[in-house]
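If you want the building blocks of each chain, they are given just below.
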Amino acid sequence: VEVFAKQAAALAEAGVDVLYIETMSDLNEARAAIEGARLAGPGVPIFATFSFDHHGRTHMGVRPEQATETLVGLEVDAFGANCGATLEMTEGAVAKMHAAAPQALLIAKPNAGKPHLVGQEVVYDATPEDMAEYARRFVALGVRVVGACCGSNPAHIQAIAKAIT
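Below or above, wherever it landed, is the structure these notes cover. Treat the numbers as computed from the prediction; the structure is a model and nothing was measured.

1. What to know about unusual backbone geometry
- The backbone of T23 shows a phi angle near 60°, a positive value even though the residue is not glycine.
- With respect to the element layout, T23 can be found in strand β1 (residues 19–24).
- Accessibility expressed as a relative area gives 37% for T23, which makes it partly exposed.
- A positive phi angle is found at C83, which is not glycine, with a value near 65°.
- By the element assignment, C83 lies in strand β3 (residues 78–83).
- The class for C83 is buried, based on a relative accessible area of 14%.

This is the structure we're talking about:
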């Protein structure tokens, strides 16, 4: 909690609009980060996302429904899924989160597809058009904050914005 509070304090003092805790895989770590953020930035909204990429679970085995129950209980302002191995996995996670808490303000920030090596370069396989299509799906599932994570570039973000505005 102390380490997260120290990081959050620096951000809060700099005037951030939101304290965004992302790519969580463990419920206890997420609790500590949220508690630290709340201590350091009273009144600053807190968003939290988990990364689901192992058969619909995080690296630590957390299911979307478990994350939802915890995050609703901790009264974060918005929550959802980020990163993850595939667009489909992020879609599945946010669908389960929406079913578990239909009133929640949900976030989806997937990777630009699944990474693979081409020579010495890591390449993500989702096109901007793929990301736009999934952005529309996320919004249909109740997601209200849509973005992108690893492998995305300005073309992906432009396509997402165009698709959902």
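Picking up after the structure, the text goes on.
2. Re the packing of helix α2 (residues 27–40) against helix α3 (residues 64–73)
- Direction vectors running N to C along α2 and α3 enclose 25°, while the axes themselves pass 11 Å from each other. Regarding the angle of α2 to α3, the classification is roughly parallel. In this structure, the crossing between α2 and α3 has a hand that is right-handed. Here L27, R31 and I34 of α2 come into contact with α3, specifically with Q66, A67, T70 and L71.
- Grouping the constituent residues of the contact of α2 with α3 by class yields four nonpolar, two polar and one charged.

3. With respect to helix α5 (residues 128–140)
- For α5, which comprises 13 residues, the first-to-last C-alpha distance of 19 Å matches the rise-based estimate of 18 Å (1.5 Å per residue) to within 8%.
- Looking only at α5, the buried set comprises M131, A132, Y134, A135 and F138.
- Against α4 (87–100), β4 (106–110), β7 (143–146) and α6 (154–164) lie the buried residues of α5.
- Just downstream of α5, G142 is the residue with a positive phi angle, here 105°.

4. Topic: the pattern of salt bridges
- Scanning the entire structure with this criterion turns up five salt bridges.
- Between E65 and R63 there is a salt bridge, with the nearest N and O atoms lying 3.6 Å from each other.
- Owing to a relative accessible area of 29%, E65 belongs among the partly exposed residues under this scheme.
- E133 serves as the salt-bridge partner of R136, at 3.4 Å between the closest nitrogen and oxygen. With R136 and E133 both in helix α5 and three residues apart, this pair spans about one turn of that helix.
- Taking relative accessible area as the criterion, R136 reaches 39% and is therefore assigned partly exposed.
- The network of salt bridges with common partners includes E91, E133, R136 and R137.

5. Focus on the packing of aromatic side chains
- Overall, the coordinates contain three aromatic pairs when judged by the stated rule.
- Ring geometry for F50 versus F52: centroids 6.2 Å apart, planes at 25°, classification stacked. Like F52, F50 is buried.
- Ring geometry for Y134 against F138: centres 6.2 Å apart, planes inclined by 50°, an arrangement best described as tilted. With Y134 and F138 both in helix α5, this residue pair falls four residues apart, about one helical turn.
- Among the residues examined, F138 registers a relative accessible area of 1% and is labelled buried.
- The side chain of K109 reaches across the aromatic face of Y20, ending 4.5 Å from its centre.
- Across from the ring centre of Y134, 4.3 Å away, lies the NZ or CZ of R137, which sits over that ring.

6. Focus on a negative patch on the surface
- A cluster of like negative charges, contributed by E88, D125, E129 and D130, occupies part of the molecular surface.
- Assignment of secondary structure puts E88 in helix α4.
- Accessibility expressed as a relative area gives 48% for E88, which makes it partly exposed.

Rules and cut-offs
Residues numbered from 1 in each chain as written. Predicted model: local features only at pLDDT ≥ 70, side-chain atom pairs only at ≥ 80, totals over all residues. Heavy atoms only, no water. Helix = DSSP H or I, 4+ residues; strand = E, 2+ residues; numbered from the N terminus. Buried < 20%, exposed > 50% of the residue type's maximum accessible area, 1.4 Å probe, protein only. Axes fitted to C-alpha atoms, helices over the stretch in contact; angles between N-to-C directions. Parallel < 35°, antiparallel > 145°, perpendicular 65-115°, else oblique. Left-handed = near helix turned anticlockwise from the far one by under 90°. Contact = heavy atoms within 4.5 Å. Nonpolar A, V, L, I, M, F, W, Y, C, P; charged D, E, K, R; others polar. Expected span 1.5 Å × (residues − 1). Salt bridge = Lys/Arg side-chain N within 4 Å of Asp/Glu carboxyl O. Phe/Tyr/Trp six-rings, centres within 6.5 Å; stacked < 30°, edge-to-face > 60°. Lys NZ or Arg CZ within 6 Å of the ring centre and 35° of its normal. Patch = residues over 30% accessible without salt bridge, like charges linked within 9 Å, V, L, I, M, F, W, Y side chains within 5 Å. Areas by Shrake-Rupley, 256 points an atom, 1.4 Å probe, with all protein chains shown as cover. Lys, Arg positive; Asp, Glu negative; His and termini not counted. Charge placed at Lys NZ, Arg CZ, Asp CG, Glu CD.

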